[in-house]
Amino acid sequence: MSASFTPELKKILSKAGCYFERQGKGDHEIWYSPITDYRFVVDSSIKSRHTANAVLKQAGLSKAF
């Protein structure tokens, strides 16, 4: 399993109203969720569906992977 969940994850986040706020350390991005009013980290290459779902949970969205 070498495919990254990140591109699809970013599409889901954007559709839900979340947006990229700034670059984080290394290859991480800081995103903001108006649903939860929190900032959260999105890695540029998420390989695990569990990690992808955890990011969605932080954004206040339901599991998608």
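Here, every reference points to the structure presented above.
Residues numbered from 1 in each chain as written. Predicted model: local features only at pLDDT ≥ 70, side-chain atom pairs only at ≥ 80, totals over all residues. Heavy atoms only, no water.

### Some words on the pairing of strand β2 (residues 28–33)
Part 1 of the reasoning: Of all six residues that make up β2, five are buried, and the element is covered over most of its length.
Part 2 of the reasoning: In this structure, strand β1 (residues 19–23) lies alongside β2, joined through four bridges in antiparallel fashion. Bridge assignment links Q23 to a residue of β2, and that residue is E29.
Part 3 of the reasoning: Counting the residues in the hairpin turn of β1 and β2 gives four residues, including G26, whose phi is positive at 60 degrees. (Buried < 20%, exposed > 50% of the residue type's maximum accessible area, 1.4 Å probe, protein only. Helix = DSSP H or I, 4+ residues; strand = E, 2+ residues; numbered from the N terminus. Pairing = 2+ DSSP bridges.)

### What about the sheet that holds strand β3 (residues 38–43)?
Part 1 of the reasoning: An order of β1-β2-β3 is seen for the three strands of this open sheet, with the pairing classed as antiparallel. Across the chains shown, the open sheet's two edge strands, defined by having one partner strand only, are β1 and β3. When the angles between neighbouring strand axes are averaged without regard to direction, this sheet yields 35 degrees.
Part 2 of the reasoning: Relative to β3, helix α1 (residues 6–15) is tilted by about 155 degrees, and along the sheet it contacts β2 and β3. (Axes fitted to C-alpha atoms, helices over the stretch in contact; angles between N-to-C directions. Contact = heavy atoms within 4.5 Å.)

### Observations regarding the side chain of S33
Part 1 of the reasoning: Take S33: it is sitting in strand β2.
Part 2 of the reasoning: Of the polar contacts made by the side chain of S33, one reaches the backbone oxygen of A59; its length is 2.7 Å. (Polar contact = N/O pair within 3.5 Å; in protein donor to acceptor, adjacent residues only side chain to side chain.)

### Here's the deal with the nonpolar core
Where a protein is soluble and globular, its nonpolar side chains tend to be buried together.
Part 1 of the reasoning: Core analysis: the biggest nonpolar cluster contains 12 residues, these being F5, L9, L13, C18, W31, F40, V42, I46, A52, V55, L56 and A59.
Part 2 of the reasoning: Of all elements in the fold, only α1, β3 and α2 (49–58) reach the threshold of two or more residues within this core.
Part 3 of the reasoning: Element by element, the count of residues in this core is highest for α2, at three residues.
Part 4 of the reasoning: Once residues lying within four places of it in the same chain are set aside, the contact partners of I46 are A3, S4, F5, T6, L9, T51, A52 and V55. (Core = buried A, V, L, I, M, F, W, Y, C linked by side-chain atoms within 4.5 Å.)

What is shown is where atoms sit, not what they do.
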